[in-house]
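Next come the chains, spelled out residue by residue.
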4 protein chains.
Amino acid sequence: DQPLMLIAGPCVLQSDAISSQIAEVLTRINERDDVNVVFKASFDKANRTSAAAIRGPGMAEGLEMLGRIANQTGLPVTTDIHLPDQAAAVAEVCDLLQIPAFLARQTDLIVAAAKTGRPLNVKKGQFMAPEDMRYVVDKATAAGNGGVMLCERGTFFGYGRLVNDMQSLPIMRSLGVPVVFDATHSVQRPGSGQGSTGGNREMVEPLARAAVAIGIDAIFFETHPEPDSSPSDGANMVPLGRFEGLVDRLLQIRHTINSVGQLNGTAQAS
Amino acid sequence: DQPLMLIAGPCVLQSDAISSQIAEVLTRINERDDVNVVFKASFDKANRTSAAAIRGPGMAEGLEMLGRIANQTGLPVTTDIHLPDQAAAVAEVCDLLQIPAFLARQTDLIVAAAKTGRPLNVKKGQFMAPEDMRYVVDKATAAGNGGVMLCERGTFFGYGRLVNDMQSLPIMRSLGVPVVFDATHSVQRPGSGQGSTGGNREMVEPLARAAVAIGIDAIFFETHPEPDSSPSDGANMVPLGRFEGLVDRLLQIRHTINSVGQLNGTAQAS
Amino acid sequence: DQPLMLIAGPCVLQSDAISSQIAEVLTRINERDDVNVVFKASFDKANRTSAAAIRGPGMAEGLEMLGRIANQTGLPVTTDIHLPDQAAAVAEVCDLLQIPAFLARQTDLIVAAAKTGRPLNVKKGQFMAPEDMRYVVDKATAAGNGGVMLCERGTFFGYGRLVNDMQSLPIMRSLGVPVVFDATHSVQRPGSGQGSTGGNREMVEPLARAAVAIGIDAIFFETHPEPDSSPSDGANMVPLGRFEGLVDRLLQIRHTINSVGQLNGTAQAS
Amino acid sequence: DQPLMLIAGPCVLQSDAISSQIAEVLTRINERDDVNVVFKASFDKANRTSAAAIRGPGMAEGLEMLGRIANQTGLPVTTDIHLPDQAAAVAEVCDLLQIPAFLARQTDLIVAAAKTGRPLNVKKGQFMAPEDMRYVVDKATAAGNGGVMLCERGTFFGYGRLVNDMQSLPIMRSLGVPVVFDATHSVQRPGSGQGSTGGNREMVEPLARAAVAIGIDAIFFETHPEPDSSPSDGANMVPLGRFEGLVDRLLQIRHTINSVGQLNGTAQAS
């Protein structure tokens, strides 16, 4: 049975102290045989609702911070990129490149990322059918052979709300790629005039359980020692003190799923 | 740990022979300690897309058929009603009354059903927020004390597709009532000009796994020895020959959920 | 050029005094050559969000009230029905029978209404594609020959909001039937946990202008001398004092549309 | 009364011959007093569904082509940009910079475009509430004073379909900016697994009429002498031979709207 890939970290890079505090917990979790941890943090929140919102340390400083985490912990690291010309520099530090959902249709960004040879984690656009991620996979595969994962992070469902179409998990898996569930951004509540994106932390665990039970290859959470102090996504984050318990519960579900049989894309099924 | 309620049967009553064949499998499943089976079939499909579609035997004959199943098997039985004046007659035969999703806002129907003293299984309207089922619960509770369950069966998501907002399960549970997941109608694909409602049977198990992992009180499936010969919903049904295997896999997931801890409404959570 | 049918009235029957006050304005509007007015009011709001909400005088008293309006004013009258066995009695008083959107798929209701020989105004379900109203037309046409109109009143668009897909107007017209635009219920904001349905009166005129410019056969408004005192839909209603001005603006747009050419279903077009 | 701004052109720059053919018609239309024409074409379709799709001549050659159109016709020209570092070069040739809907949340792109001092035409993201375009306006206004227009081009409505929420026009206008209606992309039918985006040309005129009747400041169409030969968006385009007739009909509606009174944001209304 494949270990579950666990992508986790604070939303945005703040200080080495906070990153280290989170990385310490992640390192401990990574000692389990049934999970492979990847540390994730953003150096730039490039599409905040409001221009006044905090964006992060920028690429140069952010990559240094990520490099220090990697060195200290031995964990692979990942971050998201927003422009094609960021891909090469980021690929020198990061083991996995993440493409934001809003940018899932930007051909040049996908191609530049794929050309680095690093694997990609492309989030399904909130405005895209899961079937249509096939073309994203094709774009990436034609440009590089590092591999592609597709990530469910919620789909636009009326103003102010996202919905996870859980059918997207088997549909995207049937495209022949590993599938990630983003349990943090799925519970966002887009602003509808409030100036920032809200969230609903209590829904993280139910949705994560559902995704693991359907069968996924990786899961993504943001976690923070004090979520409400995070400059971004605080409302959706798992408090660090509860993170190991949550992961443990999910891995128990996964073991059961492994024993009853993972569903393969649209294949098996009832 | 509470047994899972399993509501199952053919979509619509056809012949005693088919009902018996299905009931035989259900009776065998019901011998398990961790599941309580309720036999379900409709006597009238009152809102078929096309007037030419088969509707069923009607109330009088249908109730006789359901009564025979109940007598032969000892299983409780349920069916759906469409008009207030059907409630009393149906309540004499059925242990549970189901209210169709399209009719979830019809006050008189809810009240008439609740007044029978039987418990109700009210499907969330495809056009309703889960929070708004609170008023349905209030209408039923004010009229009778048989109890109410709320059922997730998919929400309107663009023409031709439904989506399960899995957040509806904890939201409706937080209203203080048991929650049902309808794994058959959730995978319907409404017509969009085709004259009948299609479906996608392969998605039944993934969604059922997800719902069980989130935590539900009951699950509803339609099953048939030859789904493609069913006059309604064939595309969504679980073939009878695969039904026990499916139920067994779901119950293994449920046992794990029971051991790691059921989520209670919006309460626990990460 | 066909006169525009204007269906209007208070939402629900309250008192003869209020009905007469509204009918007086409608009678004056009806003197124009370019408009035919139908008085509309409900005798029962059968699907209020909350059981505690006011429902109206009931069928017997309501039909008497509608009959008095018809006698006093000479205007044709219409109301909505909820159960098949209401159809015959209502058809004795009303010139047009309205089928609520939630009930647009209930075969027996459509058939009973059509059998009266009166024309029907069937609202497109909030959960239906406009193409699928074809089957509703077929059900009605097979059962009676009074004619059918289809009404756009908004489509479910995430929790708490409806959207008018204005493409539904030419799509439904291409089914060969007259099309109505319901400018009042289109601006509803369903509750999402608030216990009643809100609305946004300022959007009535923009949407009505849009519908008239696309080309419709009838338009429906609720109006009230004091909307905020109405037991239902007050937030969406046009204040009676502004009603004639609104109708006049819409008719000016219609005259222009008549002179540049009505669009016929999906036909003409650019 | 303000002239209507008419933004029009082929989707993507192909040859000078085709551009000239279109520009000739546009120049003739521009002689009217009630309309101001802006020529629009893309130099790069940067987010095509499939990597194999034709993208255009690129920025350098594209700007030369646009410059030639501007010189020959005297018409102002506009194009869309995808990366912040394209803004300055494009602003030297173009009088108006267009921001694609998928990129409406990319802060750096908005800021770079606004800093050129040129006015912006920002399309509302298919995944955004109209109210939330307020923050886009704020981002642009803080960075430059060329002015901003907001454009309705359809909102995600289930897989495979967009809907125009016509309420977005008065809502965005109430933010204090001119509003554009994109009558071409609004009728797109996103792929849902087909590899390219389809469309429905017959819906262009009904929707354009609706938008003009509500009250807009500008309208955008793609037109082509042979739409079916266009490398992109052919299914949505207005054939050039029918373009003047369409514009004339819309301007007649606009004159009526001007005489009955434009609606100002959420202000007037019924």
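Up top is the structure these notes are about.
Given the structure is predicted, the values throughout are model-derived calculations rather than measurements.

Taken together, the contacts link five residues of chain B with five residues of chain D. When chain B packs against chain D, the two sides together hide about 500 Å² of surface, and 76% of this comes from carbon and sulfur. Applying the counting criterion to the chain B and chain D interface returns zero salt bridges. The tally of links between chain B and chain D comes to zero residue pairs in polar contact (both at pLDDT 80 or more). Within the side of chain B that touches chain D, the residues separate by chemical class into three nonpolar, one polar and one charged.

The subject of this paragraph is the relation of the copies chain B and chain D. Note on the identical chains: chain B maps onto chain D by a rotation of 180° and an axial translation of 0.0 Å, with an RMSD of 0.0 Å. When the rotation and shift are considered jointly, the pair of chain copies conforms to a two-fold rotation axis. Among all C-alpha atoms of chain B, that of B:Gly158 lies closest to the rotation axis, at 1.8 Å. A share of 100% of the interface residues of chain B reappears at the interface of chain D, consistent with the copies meeting face to face through the same patch.

Next up on the list: the pattern of salt bridges. Under the counting rule described, the total for this entry stands at 49 salt bridges over all chains. Note that D:Glu205 is salt-bridged to D:Arg209, the shortest N-O span being 2.9 Å. With a gap of four residues between them, D:Glu205 and D:Arg209 both fall in helix 7 (residues 204-214), about one helical turn apart. Judged by relative accessible area, D:Glu205 falls into the buried class, the value being 0%. Overlapping salt bridges, with partners in common, bring together A:Arg32, A:Asp34 and A:Asp248 in one network.

Time to look at the pairing of strand 1 (residues 4-9) of chain C. All names here are of chain C. For strand 1, the buried fraction is high: five of the six residues fall into the buried class. Strand direction decides the pairing type here: strand 1 and strand 2 (residues 35-40), joined by five bridges, are parallel. By the bridge assignment, Leu 6 is partnered in strand 2 with Val 37. Taken together, strand 1, helix 1 (residues 16-30) and strand 2 constitute a β-α-β crossover, and its handedness is right-handed. Note that strand 1 and strand 12 (residues 218-224) share five bridges and pair parallel. In the sheet register, Ile 7 faces strand 12, and the bridge partner there is Phe 220.

Next up on the list: the layout of surface pockets. There is about 740 Å³ of room inside the largest pocket. Residue lining of the largest pocket: 43 residues in total, with B:Arg105, C:Asn47, C:Arg153, C:Gln188 and C:Thr197 positioned closest to the centre. Classifying every residue of the lining of the largest pocket by side-chain character gives 16 nonpolar, 17 polar and 10 charged.

Our next topic: the interface of chain A and chain B. Residue-level contacts link 45 residues of chain A with 45 residues of chain B. Between chain A and chain B, the buried area comes to about 3600 Å², and carbon and sulfur atoms account for 62% of it. Counting every contact that joins chain A to chain B gives two salt bridges. Across the pair A:Glu131 and B:Arg161 runs a salt bridge, and its minimum N-O distance is 3.3 Å. Our count for the contact surface shared by chain A and chain B stands at five residue pairs in polar contact (both at pLDDT 80 or more). Breaking the side of chain A that touches chain B down by element, the ones donating at least two residues are strand 7 (155-156), helix 6 (168-173), helix 7 (204-214), strand 13 (238-239) and helix 8 (243-260) of chain A. Residues of the side of chain A that touches chain B, tallied by class, amount to 22 nonpolar, 13 polar and 10 charged.

Now for helix 1 (residues 16-30) of chain A. All names here are of chain A. With 15 residues, helix 1 should reach 21 Å at 1.5 Å per residue; the first-to-last C-alpha distance of 20 Å fits that figure. Within helix 1, the full set of buried residues consists of Ser 19, Ile 22, Ala 23, Val 25, Leu 26 and Ile 29. Burial along helix 1 is one-sided: seen end-on, the buried residues are contained in an arc of 160°. Facing away from the buried side of helix 1 by over 90 degrees, the exposed positions are Ala 17 and Glu 24. Where helix 1 is buried, its residues contact strand 1 (4-9), strand 2 (35-40), helix 2 (59-73), strand 12 (218-224) and helix 8.

This part is about the packing of helix 1 (residues 16-30) of chain B against helix 2 (residues 59-73) of chain B. Residues and elements named next belong to chain B. Taken N-terminus to C-terminus, the directions of helix 1 and helix 2 make an angle of 35°; their axes are 11 Å apart at the nearest point. Of the two elements, helix 1 crosses helix 2, and the hand of that crossing is right-handed. On helix 2, the residues touching Asp 16, Ser 19, Ser 20, Ala 23 and Thr 27 of helix 1 are Met 65, Arg 68, Ile 69, Gln 72 and Thr 73.

The next subject is the pairing of strand 9 (residues 179-182) of chain B. All names here are of chain B. Residues Val 179 and Phe 181 point to one face of strand 9 and Val 180 and Asp 182 to the other, with burial holding for every one of them. Bridging between strand 6 (residues 148-152) and strand 9 involves three bridges; their strand directions are parallel. Residue Cys 151 lies in a different strand from strand 9, and its bridge partner there is Val 180. Judged from the three bridges that link them, strand 9 and strand 12 (residues 218-224) form a sheet pairing that is parallel. Directly across from Val 180, in strand 12, lies its bridge partner Ala 218.

Thresholds, definitions, all that
Residues numbered from 1 in each chain as written. Chains lettered and ligands numbered in written order. Predicted model: local features only at pLDDT ≥ 70, side-chain atom pairs only at ≥ 80, totals over all residues. Heavy atoms only, no water. Contact = heavy atoms within 4.5 Å. Buried area = accessible area lost by both parts, 1.4 Å probe. Salt bridge = Lys/Arg side-chain N within 4 Å of Asp/Glu carboxyl O. Polar contact = N/O pair within 3.5 Å; in protein donor to acceptor, adjacent residues only side chain to side chain. Nonpolar A, V, L, I, M, F, W, Y, C, P; charged D, E, K, R; others polar. Least-squares fit on C-alpha atoms with pLDDT ≥ 70 in both. Helix = DSSP H or I, 4+ residues; strand = E, 2+ residues; numbered from the N terminus. Buried < 20%, exposed > 50% of the residue type's maximum accessible area, 1.4 Å probe, protein only. Pairing = 2+ DSSP bridges. Right-handed = clockwise from strand over helix to strand, strands pointing away. 1 Å grid on protein atoms, 1.4 Å probe; cavity = no way out; pocket = protein on both sides within 12 Å on 5 of 7 lines; lining within 4 Å. Points joined across faces, edges and corners; volume = space filled by probe spheres on them. Expected span 1.5 Å × (residues − 1). Arc of directions from axis to C-beta. Axes fitted to C-alpha atoms, helices over the stretch in contact; angles between N-to-C directions. Left-handed = near helix turned anticlockwise from the far one by under 90°.

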